[in-house]
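Inside the fold
One-letter residues, chain by chain:
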Amino acid sequence: MSDSIEDIEMRLLLEAIHLRYHYDFRHYAQASVRRRLRQAKKQLQFDTFSAMQEALLHDETMLSRILGYLTVQVSEMFRDPSFFLAIREKVVPHLRTYPSLKVWIAGCSGGEELHSYAILFREEGLEDRTIFYATDISPDALETAARGIYSLDRIAGFTENHRAAGGKTSLSDYYSTGYGGAVFDKTLRERVVFSDHSLVTDAVFAEMHLISCRNVLIYFDRTLQDRALGLFRDSLVRNGFLGLGAKESIRFSDHASSFSDFARTEKIYQRREP
Amino acid sequence: MNDAPERAIVIGASAGAIEALSVILPALPADFPAPILIVVHIPSDRSNFLSPLFAAKCQMSVREVEDKEPAERGIVYFAPSNYHLLVEEGGTLALSADEPVQHSRPSIDVLFESAAEAYGAGLVGVVLTGANEDGSSGAQAIASAHGTVIVEDPAGAYAETMPRAAIRKCPEAHVMALDAIAPFLLRELGRS
Ligand SMILES: C[S@@+](CC[C@H](N)C(=O)[O-])C[C@H]1O[C@@H](n2cnc3c(N)ncnc32)[C@H](O)[C@@H]1O
């Protein structure tokens with residue numbers, strides 16, 4: 001099966017994206033990449049992946065369209081409220097002991113997760129001492145994150161999540177309506193550095209107290225997961241915190257021994273003393 | 001992973017799922033020679049009650065999937081609510097937070113289609129009761145990959161829409177009453 005013509009074409013396509021544009025999807029979890037490439041082929045109306053590859057090599061505008069399929073931009077504010085409740089109740093007391101904080105939101109998508117942290121840190125009085133790094137490989141996602149505008153029909157869900165995450169204020173304190181959506185206060189983004197950074201190809205860039213990388217590693221195969229977890233280990237201060245998605249775990253990684261469980265059911269880990 | 005099972009069972013169920021699965025799963029022995037991967041549509045606020053519920057009634061071990069774990073014989077795996085479950089080549093289980101497919105996450109089609117590619121003729125797909133049409137494209141994919149498809153007889157099903165849709169798209173399916181499914185699986189797997 002892995003030698004079917006379609007499979008060969010898909011591999012060549014990923015190779016072409018890598019050689020031409022330096023985005024490396026070759027070790028993403030295959031089944032899901034295949035599904036999304038087939039969707040792209042169908043919706044962009046190519047007969048074959050080879051035809052798609054030719055278009056992609058010669059026409060730069062194809063890249064962002066195909067990236068839209070290859071990266072999954074599904075997110076929400078305070079996604080899995082119990083995770084953010086654990087950050088608030090268990091992690092924040094530790095963070096308070098530092099005079100200054102660096103927080104990395106890796107794979108920040110359209111900024112829903114970043115805004116959740118910014119609000120939580122403001123509520124807990126930590127915002128002024130914190131620098132947030134919000135990174136992603138998708139230029140569209142980074143742009144959306146930096147704008148902080150979400151469609152109004154998502155706000156009820158965000159509000160409910162915020163409350164369930166132990167919110168001490170009302171979410172409506174942080175946005176006004178306009179531009180056809182909820183525009184989140186730009187002061188929430190004043191202490192944020194947005195940056196293009198790939199967990200697959202880029203390196204450590206600062207020393208962090210908390211890294212939140214949720215629902216990104218599930219798209220990687222184990223080799224890439226290991227690389228990313230190694231990067232997190234090397235980026236964290238001693239006893240720094242790592243938060244993963246609800247269904248992600250470090251259990252199968254070579255780096256499992258570098259972290260200890262901090263809030264096990266919420267997938268919050270702590271960097272062990274080296 | 002040379003030791004990865006060459007055969008697997010995938011099951012999809014929606015409305016009436018718990019009752020239907022309660023007829024099939026407890027009838028299978030602890031050493032059932034294949035992994036069983038299951039997608040059930042459940043409201044996301046009632047997540048994660050399925051594996052404890054069935055662990056208590058089954059001889060096979062039952063658990064919720066963790067991302068990138070190998071699918072092993074004798075284990076029943078449930079997809080967590082709000083995530084799609086896919087099978088990678090070589091039998092590794094992978095989760096994804098992609099958009100719902102036809103309003104469902106997890107989606108039966110997504111599981112069946114990826115499992116059909118991973119297991120080919122070694123796969124048995126089972127479509128049970130449900131009030132939507134999820135699983136019918138997946139059943140078709142399993143049949144095209146020379147796997148076996150079983151559909152619960154719509155006449156006796158709690159909700160007939162899903163089995164009917166599957167039979168329509170996959171006419172080669174074996175249609176049978178709920179209580180005939182576990183014996184069929186045992187015979188089918190005994191042969192290999
Ligand atoms: C499903 S979203 C997760 C959004 C958010 N963290 C959450 O949990 O709601 C996955 C994000 O990972 C990003 N991503 C994919 N590959 C990446 C890589 N190699 N490095 C950094 N981010 C990546 C995608 O662009 C997308 O924004």
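Here the structure is a predicted model, which is why all the values come from computation and not from measurement.

This part takes up the UniProt feature "active site" (unreviewed entry) in chain B. Residues and elements named next belong to chain B. Per the UniProt record, "active site" (unreviewed entry) is annotated on Ser14, His41 and Asp134. A maximum C-alpha distance of 9.7 Å places the annotated residues, which cover 121 residues in sequence, within one compact spot. Its place among the elements puts serine 14 in the loop between strand S1 (8-13) and helix H1 (17-24). According to the relative accessible area criterion, serine 14 is buried, its value standing at 11%. Ignoring anything within four residues of it in the chain, the contact list for serine 14 reads His41, Thr129, Gly130, Ala131, Asn132 and Met162. Separated by 3.0 Å, the side chains of serine 14 and histidine 41 make a polar contact. For histidine 41, the location among the structural elements is in the loop between strand S2 (36-40) and helix H2 (50-55). Owing to a relative accessible area of 16%, histidine 41 belongs among the buried residues under this scheme. Ignoring anything within four residues of it in the chain, the contact list for histidine 41 reads Ala13, Ser14, Ser104, Pro106, Ile108, Asn132 and Asp134.

On to the nonpolar core, then. Counting residues in each nonpolar core, the largest one holds 82 residues, and the members touching the most others are A:Ile17, A:Leu199, A:Phe220 and A:Phe232. The leading source of residues in this core is helix H3 (residues 108-119) of chain B, at seven residues. Formed jointly, this core draws a minimum of three residues from each of two domains, domain 1 (5-71) and domain 2 (81-271) of chain A. Excluding anything up to four places from it in sequence, A:Ile17 contacts A:His22, A:Tyr23, A:Phe25, A:Leu56, A:Leu63, A:Ile66 and A:Leu70.

Cut-offs applied
Residues numbered from 1 in each chain as written. Chains lettered and ligands numbered in written order. Predicted model: local features only at pLDDT ≥ 70, side-chain atom pairs only at ≥ 80, totals over all residues. Heavy atoms only, no water. UniProt positions renumbered as here; feature names shortened; annotations may be inferred. Helix = DSSP H or I, 4+ residues; strand = E, 2+ residues; numbered from the N terminus. Buried < 20%, exposed > 50% of the residue type's maximum accessible area, 1.4 Å probe, protein only. Contact = heavy atoms within 4.5 Å. Polar contact = N/O pair within 3.5 Å; in protein donor to acceptor, adjacent residues only side chain to side chain. Core = buried A, V, L, I, M, F, W, Y, C linked by side-chain atoms within 4.5 Å. Domains from an automatic or database assignment.

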